[in-house]
Amino acid sequence: MTAQPLLDVNDLTVEFATRRGIVKAVQHVNISVAKGETLGVVGESGSGKSVTSYAVMRILDRAGKIAEGSVMFSGIDVKAATENQMRDLRGREISMIFQNPRAALNPIRKVGDQIEDVLRQHVQAAASDRGEKAIEALEQVKIARPRERYHAYPFELSGGMCQRVVIALALACNPQLLIADEPTTGLDVTTQKAVMELIVELTKRRGMSTILITHDLGLAAAYCDRVVVMEKGRVVETALSADIFAKPQHAYTRKLMRATPRLGVSLRDLLPERRVRGTFRQSRSLREPLTPALSPQAGRGRSLPSLSSKNL
């Protein structure tokens, strides 16, 4: 008997009302996440990755709505749930790490107070204990001098530290599902690796499920059990991470992989065709096999693919 998934998104369509009419940002999307699983959702900007996650948490813009389909979380119909029920779910059962940590934090409130807000809403703890729990949350995400940082404002922290604070906020109540929406955007490569390893370590230790939304195939290959590929608001391929990077079935998935920068290939080589002496020839990247750097067999925790100034 197949176990019931923690999250089951079935035939989801999300619409936005605009001045030019109705825009379907997501169409007939099917996604499931098992307990303890890490699912990667990949695709270029505008493919519908973030909108899908906003629909799961019911935090769509006022102009947006779930037009068709269903979202079931741990037996709860998210689409039919009341706002009070959703307010109870968000933070306690489902949490999200947003793309821009500085925008996710209140700039005029200390980070410790913001963590206490989450604890006050969802955790039965005495007011005298919430401060210590907030400091403990900062310590768990490996922020140096957590008691001192508890009193800091977001503008006093680096981008990497702000991202760690956002992770602490998301994990403060031990949710069942963590949605990480481009959690390494704007961070340098070294900090990206540290943040990703921190997320994986904490979620695995707590037995949580994770949805990693990214356009970085290196991240998905290194950290995800399964991968969903989205294009123009639709899911075009779903497979185990080992399979999808070894033998991609959809043309769009293959294009994403060929567009991934790697050592020995310049940005010019990523163009579909190059004009040479009045004729066009296929670029080297299209003739080469898919890079082994994206293969999960390359080993988790290794350095992620990155651009080098030598290759520009």
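Visitor: Outline helix H8 (residues 189-206), supporting the account with residue identities and numerical values.
Guide: With 18 residues, H8 ought to run about 26 Å at 1.5 Å a step, and its terminal C-alpha atoms sit 26 Å apart, in line with that. Tucked inside the fold, the buried residues of H8 contact strand S6 (94-97), helix H5 (127-140), helix H7 (159-171), strand S7 (177-181), strand S8 (209-214) and helix H9 (217-223). Downstream of H8 by a residue or two, Gly-207 has a phi angle that is positive, lying close to 70°.

Visitor: For unusual backbone geometry, give the residues involved together with the corresponding values.
Guide: Even without a glycine there, the phi angle at Arg-58 is positive, about 55°. A residue is classified by how much of its surface remains accessible, and Arg-58, at 23% relative accessible area, is partly exposed.

Visitor: Which residues make up the nonpolar core, and what values do they have?
Guide: Within the largest apolar cluster, 52 residues are counted, with the highest numbers of intra-cluster contacts made by Ile-97, Ile-115, Val-165, Ile-167, Val-227 and Phe-245. Tallying contributions element by element places H7 first for this core, with 9 residues. Setting aside chain neighbours within four positions, we find Ile-167 in contact with Ile-97, Val-141, Val-195, Leu-198, Ile-199 and Leu-202. Judged by nonpolar contacts, the second largest core, of 31 residues, contains Leu-6, Leu-39, Ile-66 and Ile-179.

Visitor: Requested: an account of the packing of aromatic side chains, with residues and values cited.
Guide: Tallied over the full model, the rule gives 1 aromatic pair. Between Tyr-153 and Phe-155, the aromatic rings sit 5.6 Å apart at their centres with planes inclined by 10°, giving stacked as the arrangement. Taking the relative accessible area as the measure of exposure, Tyr-153 reaches 27% and is therefore partly exposed. The exposed category is assigned to Phe-155, whose relative accessible area is 59%.

Visitor: A description of the pairing of strand S3 (residues 38-42) should follow, citing residues and the corresponding values.
Guide: Of all the 5 residues making up S3, 5 are buried; the element is thus mostly covered by neighbouring parts of the structure. Because side chains alternate across S3, one face comprises the buried residues Thr-38, Gly-40 and Val-42, and the other comprises Leu-39 and Val-41, equally buried. As paired elements, S3 and S8 share 5 bridges and run parallel to each other. Pairing of Val-41 across the sheet is with Ile-213, part of S8. Judged from the 4 bridges that link them, S3 and strand S9 (residues 226-231) form a sheet pairing that is parallel. For Val-41, the partnering residue across the bridge sits in S9 and is Val-228.

Visitor: Would you mind going over the confidence of the model for the chain in detail, with residue names and values included?
Guide: Overall, the predicted model of the chain reaches an average pLDDT of 84, with 83% of residues at or above 70. In this model, residues 301-312 is a region of pLDDT below 50 whose contacts with residues beyond four sequence positions or in other chains number 24 contacts.

Visitor: Which residues make up the sheet that holds S8, and what are the values?
Guide: Strand order in the open sheet made by the 6 strands is S6-S7-S8-S3-S9-S10, with mixed pairing throughout. Where the open sheet ends on each side, the last strands, each with one partner, are S6 and strand S10 (234-240). Averaged over all adjacent pairs, the angle separating strand axes in this sheet is 15°, with direction ignored. The pairing of S9 with S10 spans 6 bridges and is antiparallel. For Met-230, the partnering residue across the bridge sits in S10 and is Val-235.

Visitor: Tell me about the pairing of strand S4 (residues 64-73), residues and numbers included.
Guide: Note: strand S1 (residues 7-18) against S4, 8 bridges, orientation antiparallel. By the bridge assignment for S4, Asn-10 is matched with Ser-70. Here S4 runs beside strand S5 (residues 76-77); their pairing, made up of 2 bridges, is antiparallel. Within S5, the residue paired with Phe-73 across the bridge is Ile-76. Adjacent in sequence and paired antiparallel, S4 and S5 are bridged by 2 residues, among which Ser-74 carries a positive phi angle near 50°.

Visitor: Tell me about the packing of helix H4 (residues 111-122) against H7, and name the residues and values.
Guide: Orientation of H4 relative to H7, taken along the N-to-C sense of each, is 20°, at an axis distance of 9 Å. Viewed along their axes, H4 and H7 adopt a mutual orientation that is roughly parallel. Where H4 crosses over H7, the two elements pack in a sense that is right-handed. Of the residues in H7, those in contact with Val-111, Gln-114, Ile-115 and Val-118 of H4 are Val-165, Ala-168 and Leu-169. Class assignment of the residues belonging to the contact of H4 with H7 gives a composition of 6 nonpolar, 1 polar and no charged.

Cut-offs and rules
Residues numbered from 1 in each chain as written. Predicted model: local features only at pLDDT ≥ 70, side-chain atom pairs only at ≥ 80, totals over all residues. Heavy atoms only, no water. Helix = DSSP H or I, 4+ residues; strand = E, 2+ residues; numbered from the N terminus. Expected span 1.5 Å × (residues − 1). Contact = heavy atoms within 4.5 Å. Buried < 20%, exposed > 50% of the residue type's maximum accessible area, 1.4 Å probe, protein only. Core = buried A, V, L, I, M, F, W, Y, C linked by side-chain atoms within 4.5 Å. Phe/Tyr/Trp six-rings, centres within 6.5 Å; stacked < 30°, edge-to-face > 60°. Pairing = 2+ DSSP bridges. pLDDT = per-residue confidence, 0-100. Axes fitted to C-alpha atoms, helices over the stretch in contact; angles between N-to-C directions. Parallel < 35°, antiparallel > 145°, perpendicular 65-115°, else oblique. Left-handed = near helix turned anticlockwise from the far one by under 90°. Nonpolar A, V, L, I, M, F, W, Y, C, P; charged D, E, K, R; others polar.

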